[in-house]
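Here is how the chains run, residue by residue.
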Amino acid sequence: MAFASGAGAGGPQVLTARFVRQVVLGRWFMVFACLLILSASGATYIFSIYSKVLKSSLGYDQRTLNTLSFFKDLGANVGVLSGLINEVTPPWVVLAMGAAMNLAGYLMIYLAIDGRTARPPVWLMCIYICVGANSQSFANTGALVTCVKNFPESRGMVLGLLKGFVGLSGAIFTQLYLAIYGDDAKSLVLLIAWLPAAISILFVHTVRIMPYPRRGSGAGSPAAATSNDAFFCFLYISIALATYLLVMIVVQKQVNFSHAAYAVSAAALLLVLFLPLAVVVKQEYKIQKELEESIREPPTVTVENPAASLQMASAAEPPAAKSQQKQSTTTGENGTEPPPPPSRSSCLGSCLRHMFSPPAQGEDFTILQALVSVDMLVLFLATICGVGGTLTAIDNMGQIGQSLGYPAKSINTFVSLISIWNYAGRVTAGFASEIFLARYRFPRPLMLTLVLLLSCAGHLLIAFGVPHSLYAASVVIGFCFGAQWPLLFAIISEVFGLKYYSTLYNFGSVASPIGAYVLNVRVAGALYDAEAAKQHGGSLDAGGDKTCIGVQCFRKAFLIITAATVAAVLVSLVLVWRTRNFYKGDIYAKFRDNAAADDDDDAEEEGPKWPKKEAEGESTSVNGRKG
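Cut-offs used in this document
Residues numbered from 1 in each chain as written. Predicted model: local features only at pLDDT ≥ 70, side-chain atom pairs only at ≥ 80, totals over all residues. Heavy atoms only, no water. UniProt positions renumbered as here; feature names shortened; annotations may be inferred. Phe/Tyr/Trp six-rings, centres within 6.5 Å; stacked < 30°, edge-to-face > 60°. Helix = DSSP H or I, 4+ residues; strand = E, 2+ residues; numbered from the N terminus. Buried < 20%, exposed > 50% of the residue type's maximum accessible area, 1.4 Å probe, protein only. Core = buried A, V, L, I, M, F, W, Y, C linked by side-chain atoms within 4.5 Å. Contact = heavy atoms within 4.5 Å. Axes fitted to C-alpha atoms, helices over the stretch in contact; angles between N-to-C directions. Parallel < 35°, antiparallel > 145°, perpendicular 65-115°, else oblique. Nonpolar A, V, L, I, M, F, W, Y, C, P; charged D, E, K, R; others polar. 1 Å grid on protein atoms, 1.4 Å probe; cavity = no way out; pocket = protein on both sides within 12 Å on 5 of 7 lines; lining within 4 Å. Points joined across faces, edges and corners; volume = space filled by probe spheres on them.

Going by the annotation in an unreviewed UniProt entry, the name recorded for the chain is Nodulin-like domain-containing protein, with Panicum virgatum given as the source organism. The record in UniProt for the chain states the following under Subcellular location (unreviewed entry): "Membrane".

This is the structure:
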């Protein structure tokens with residue numbers, strides 16, 4: 001089959017093999033692939049759906065089930081290993097490893113609950129679910145970190161958008177499993193096992209680091225390869241997707257759907273999920289059009305005299321440099337041995353000295369320099385209290401609603417609201433922080449402070465049990481929980497650089513299980529059990545009722561959580577003060593300068609060269625590749 005090539009009178013032709021190849025290899029198709037990968041990487045958010053069949057099939061009690069849930073959260077949030085691997089390997093290695101771990105972990109869980117293998121001991125099930133959940137960190141590292149490095153000037157939007165799709169992944173999984181398998185929780189585990197692995201393998205070579213493209217046409221405006229217009233289109237599609245999911249969740253709770261109806265709703269879901277592909281094609285069409293317009297400009301050949309240039313450079317060289325160069329040459333001719341390599345002890349001492357002598361904010365920190373820096377310590381402490389508090393509210397929302405006397409249907413509505421507003425917080429924080437930073441130099445740490453302050457309102461609504469306030473509290477808590485993640489990861493990338501971002505990104509995630517353990521297990525759980533014991537005669541029997549009723553069940557716990565969050569606000573203000581001068585400047589200037597320097601280097605290597613067109617804003621590259 002023959003394909004037409006070349007550009008027509010009306011612009012580039014899209015039905016050609018060359019254009020299809022450009023789309024598939026382009027940076028925007030890579031963003032689309034990352035959206036799909038991350039939209040299938042949130043299996044940890046739907047543990048409550050299959051936990052009942054897990055408990056009944058294997059005969060677990062509630063304590064054992066909570067132990068499995070803890071190892072699930074531990075695996076999902078401790079991704080330092082995936083970050084270290086991503087530092088020394090290309091992203092496809094991390095994605096492939098994550099796919100293998102996901103398939104192995106969840107497939108073994110499915111075989112166990114379906115009775116196809118002997119009942120495994122609890123410790124082995126903990127390993128299975130930890131390995132399966134840890135694959136989520138591999139998918140996040142391979143896809144999200146790569147996108148941030150490919151779009152460093154839009155990292156807030158990238159983080160908000162991709163983290164938003166992670167937040168929607170639980171609802172997406174629910175719709176797909178109802179359409180494919182029906183209301184069968186065992187089959188949901190099977191879907192979790194194969195679908196994320198299949199998507200990661202499908203796009204394993206699409207996700208890769210790409211050269212940063214040159215600036216584009218039109219008075220310094222960004223070219224289609226770096227324009228933020230596509231991200232706003234992706235945002236609008238994600239809003240439509242979230243709205244559709246919310247409507248389907250509400251309707252399916254009110255109406256009994258048949259299997260065919262679930263299939264139709266899932267088909268519509270997939271249609272919306274693949275809409276970003278149209279945005280990808282549109283952006284690549286713009287890129288090709290810009291390239292062809294720049295080629296049509298008549299070239300001007302500049303001829304240089306290499307000998308004259310060399311003579312001028314030699315004359316301009318200072319005498320001290322000439323004598324030093326001559327002395328160095330003489331030393332080499334005399335056969336003088338170079339200085340001996342430093343010993344291991346001196347290397348260790350040098351490493352320790354450099355660890356406590358970090359570069360300026362915004363430069364590339366080493367892993368050790370970042371981990372021992374005051375900025376990372378402050379950010380980590382604020383995240384432990386902030387994320388830990390909101391995560392405690394989310395994990396206990398069912399018990400909170402029960403203790404305050406809400407009906408079961410309303411509690412399910414709270415969970416749905418948290419999921420949708422979790423997505424809204426992620427995309428809002430990502431896009432809003434990027435816009436405010438670009439236009440007003442509004443520092444991202446200050447926006448994190450405002451989010452933490454807002455979450456205090458949600459905690460206080462729960463603590464005082466204001467009538468009918470749990471709806472508002474679920475919205476506030478879900479929004480603030482989602483908003484903290486893109487802000488945290490963007491601040492890490494900006495303050496400590498992108499060189500070791502894979503590891504530092506995953507180190508920031510460790511704050512979540514630490515905060516959840518301290519505030520959820522040691523504070524909320526212990527105080528709830530103590531209050532329940534008072535209501536049941538002073539002790540909780542092994543087989544008795546352990547339910548606590550009344551506003552006092554969570555009052556003291558959430559007052560403590562509010563105080564911890566206020567402390568996080570004060571701690572985050574320290575980071576705002578320390579980074580105030582950094583965020584006053586143009587933090588993305590170095591990426592544009594590096595791109596311009598690369599253009600100059602390319603021009604010098606070409607001999608007779610085309611005039612540089614960046615001054616007029618023209619671009620001669622496609623997706624970072626020369627056209």
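### Examining the packing of aromatic side chains
Considering all chains together, one arrives at 24 aromatic pairs under this definition. Here the aromatic rings of W28 and F151 are separated by 5.0 Å at their centres, their planes lie at 45 degrees, and the arrangement is tilted. Of this pair, W28 sits in helix α2 (residues 27–39) while F151 sits in the loop between α7 (122–150) and α8 (155–180), placing them 123 residues apart in sequence. The class of W28 is buried, set by a relative accessible area of 0%. Residues W28 and F231 carry aromatic rings whose centres are separated by 5.2 Å and whose planes lie at 65 degrees to one another, so their mutual orientation is edge-to-face. One end of the pair, W28, is in helix α2; the other, F231, is in helix α10 (residues 229–254), with 203 residues separating them in the sequence. Ring pairs connect the aromatic residues F481, W485, F489, Y501 and Y505, which therefore count as one cluster.

### Here's the deal with the nonpolar core
Membership of the largest hydrophobic core comes to 134 residues, with the highest contact counts inside it found for Y50, F231 and F234. Looking at this core element by element, the count peaks at 15 residues for α8. Filtering out sequence-adjacent residues up to four positions away, F234 remains in contact with W28, V31, L35, L161, P276, V279 and V280. Counting residues in each nonpolar core, the second largest holds 23 residues, with A393, A532, F558 and I561 among its members.

### A short note on the packing of helix α20 (residues 444–464) against helix α24 (residues 552–578)
Where α20 meets α24, the closest approach of the two axes is 9 Å, and the angle between their N-to-C directions is 170 degrees. Compared by their axis directions, α20 and α24 come out roughly antiparallel. The class makeup of the residues in the contact of α20 with α24 is 18 nonpolar, six polar and one charged.

### Let's talk about empty space enclosed by the protein
For the structure on display, the rule yields three cavities of 30 Å³ or more. Here the largest cavity defines a volume of roughly 130 Å³. For the largest cavity, the lining is made up of 17 residues, of which S41, N102, S135, Q136 and P196 are closest to its centre. Elements with a contribution of two residues or more to the lining of the largest cavity: α6 (91–113), α7 and α9 (185–202).

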